[in-house]
Amino acid sequence: MPIRIEVLRCMGCGLCELACSYRREKVFTAMRSSIMLHLDDKRNYFGVMIKLPNDDLVLGRPEGLEVQLAGQSSEDGAGAKPILLREACDECAGDRPHCVAICPAECLSQG
Ligand code: SF4
Ligand code: SF4
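Residues numbered from 1 in each chain as written. Chains lettered and ligands numbered in written order. Predicted model: local features only at pLDDT ≥ 70, side-chain atom pairs only at ≥ 80, totals over all residues.

Novice: Mind showing me how you'd approach the overall build of the protein chain here?
Specialist: For the protein chain, the count of helices and strands is three helices and six strands. Of the regular secondary structure in the protein chain, the N- to C-terminal order runs β-α-β-β-β-β-α-α-β. With the C-alpha coordinates of the protein chain rotated into their principal frame, the extents come out at 35 × 30 × 25 Å. Taking all 111 residues of the protein chain together, the buried fraction comes to 34%. (Helix = DSSP H or I, 4+ residues; strand = E, 2+ residues; numbered from the N terminus. Buried ≥ 20, exposed ≤ 12 C-beta atoms within 10 Å, placed from the backbone.)

Listed below in structure tokens is the structure:
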């Protein structure tokens, strides 16, 4: 598991998404990041997910960490469709992961 997620520390700032997209594409857009924040205000639900190179997903959720295998769908919480269309996390190709470096809540760490 490349990046560890302690989602209960997450304050929903979205900086990890922007740091990932900037490192990847030199733009600040959550739509191009390999890490995705999921917020569902109606259900008071939140989480952070990362797409792995084999299309598996690491789901960081209040219930705990889970690896969702490619092709599986989650019955609760975060919808994974948007992140499946993006580039997979390459762990910043050996550099210090940008998402880890920018996270102000120490929610993310290198595995
Ligand atoms: S480790 Fe790098 S590529 Fe992976 S989610 Fe974080 S910033 Fe993006
Ligand atoms: S940078 Fe950290 S605190 Fe902010 S949304 Fe990402 S994981 Fe949560």
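Novice: Is there a simple way to explain the nonpolar core in this structure?
Specialist: When a protein is soluble and globular, its nonpolar side chains tend to lie buried together. One finds I35, M49, I50, C99 and L108 to be the most contacted residues of the largest nonpolar core, which totals 25 residues. In terms of residue count, the dominant contributor to this core is strand β3 (residues 45-51) (four residues). Setting aside residues up to four positions removed in sequence, I50 forms contacts with I3, S34, I35, L57, V58 and C89. (Core = buried A, V, L, I, M, F, W, Y, C linked by C-beta atoms within 7 Å. Contact = placed C-beta atoms within 7 Å.)

Novice: Is there a simple way to think about the site of ligand 2 in this case?
Specialist: Around ligand 2, a shell composed of 14 residues is seen, among which C10, C13, C16, C103 and A105 lie nearest. Tallied by class, the residues present in the shell around ligand 2 amount to 12 nonpolar, two polar and no charged. (Near = placed C-beta within 6 Å. Nonpolar A, V, L, I, M, F, W, Y, C, P; charged D, E, K, R; others polar.)

Novice: Would you explain the site of ligand 1 in this entry?
Specialist: As a structural note, the neighbourhood of ligand 1 is formed by 15 residues, with C20, C89, C92, P97 and C99 the closest of them. Looking at the shell around ligand 1, the elements with two or more residues in it are α1 (15-25) and α3 (98-102). When residues of the shell around ligand 1 are assigned to their parent elements, the largest contribution, three residues, is made by α1. Partitioned by chemical class, the residues of the shell around ligand 1 number nine nonpolar, three polar and three charged.

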